[in-house]
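# A closer look at the structure
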Amino acid sequence: MSNFKQRWNIDSNWQVFVILVVFAITGSTSAVLSKPILEFIGITKDTVSGWIYYPLYIILIFPVYQVLLVSFGFIFGQFKFFWAFEKKMLRSVKLGFIADYFEK
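## Regarding unusual backbone geometry
Positioned with a positive phi, Asn9 is a non-glycine residue whose angle comes to about 55 degrees. Its location among the elements puts Asn9 in the loop between helix 1 (2–8) and helix 2 (13–40).

## Notes on the nonpolar core
The nonpolar side chains of a soluble globular protein tend to be buried with one another. Ranked by internal contacts, the top residues of the largest apolar core, which has 20 residues, are Ile19, Phe23, Phe81 and Phe82. Within the residue set of this core, elements represented by two or more residues are helix 2, helix 3 (50–75) and helix 4 (79–92). Per-element tally for this core: the top contributor is helix 3, with eight residues. If we ignore the near neighbours within four places in the chain, the residues touching Ile19 are Trp8, Ile10, Gln78, Phe81 and Phe82.

## Some details on the packing of aromatic side chains
Each aromatic ring pair is summarised here by two numbers: the centre-to-centre distance and the angle between the ring planes. Under the counting rule described, the total for this entry stands at eleven aromatic pairs. When the ring of Phe81 is compared with that of Phe82, the centres are 5.0 Å apart and the planes differ by 85 degrees; the resulting orientation is edge-to-face. Phe81 gets classed as buried once you look at its relative accessible area, which sits at 13%. Look at Phe82 and you get buried, because its relative accessible area is 0%. Here the aromatic cluster, defined as three or more aromatic residues joined through ring pairs, consists of Trp8, Phe23, Phe81, Phe82 and Phe85.

## Examining helix 3
Over its 26 residues, helix 3 runs 35 Å from end to end, which matches the ideal 38 Å to within 8%, given 1.5 Å per residue. Within helix 3, the full set of buried residues consists of Tyr53, Tyr57, Leu60, Val64, Tyr65, Gln66, Leu68, Leu69, Val70, Phe72 and Gly73. Considering only its buried residues, helix 3 is in contact with helix 2 and helix 4. The N-capping residue of helix 3, defined by a side-chain oxygen 3.1 Å from the backbone nitrogen of Trp51, is Ser49. Of the residues trailing helix 3, Gly77 is marked for its positive phi of about 80 degrees.

## Let's talk about a nonpolar patch on the surface
A cluster of nonpolar side chains, Phe74, Ile75, Phe76 and Phe79, forms an exposed patch at the surface whose accessible area comes to about 430 Å². Inspection of the secondary structure assignment puts Phe76 in the loop between helix 3 and helix 4.

What counts, and at which threshold
- Residues numbered from 1 in each chain as written.
- Predicted model: local features only at pLDDT ≥ 70, side-chain atom pairs only at ≥ 80, totals over all residues.
- Heavy atoms only, no water.
- Helix = DSSP H or I, 4+ residues; strand = E, 2+ residues; numbered from the N terminus.
- Core = buried A, V, L, I, M, F, W, Y, C linked by side-chain atoms within 4.5 Å.
- Buried < 20%, exposed > 50% of the residue type's maximum accessible area, 1.4 Å probe, protein only.
- Contact = heavy atoms within 4.5 Å.
- Phe/Tyr/Trp six-rings, centres within 6.5 Å; stacked < 30°, edge-to-face > 60°.
- Expected span 1.5 Å × (residues − 1).
- Polar contact = N/O pair within 3.5 Å; in protein donor to acceptor, adjacent residues only side chain to side chain.
- Patch = residues over 30% accessible without salt bridge, like charges linked within 9 Å, V, L, I, M, F, W, Y side chains within 5 Å.
- Areas by Shrake-Rupley, 256 points an atom, 1.4 Å probe, with all protein chains shown as cover.
- Salt bridge = Lys/Arg side-chain N within 4 Å of Asp/Glu carboxyl O.

Following this line, the structure appears as structure tokens:
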């Protein structure tokens, strides 16, 4: 726990627990929600090849995860932590201009 607390610059074990719960919920939810989103735009396993469907599914998980991470962070009272985490993640994949847009 102390490694997480030091690395994330947080104080309490409870905060570490909440953050780990948010990561778990976000990952599972983004994977579950990506399938209906693909179906909504007309992409299913029946309409396209698995070679197309699964890469699109995996690619779609990324933006869904980003939105849900900040949303669940807000719900669990850790918005500040997750917004900073989100900005760092976006900058690491060269999409920092998105974070910069919301900073204005």
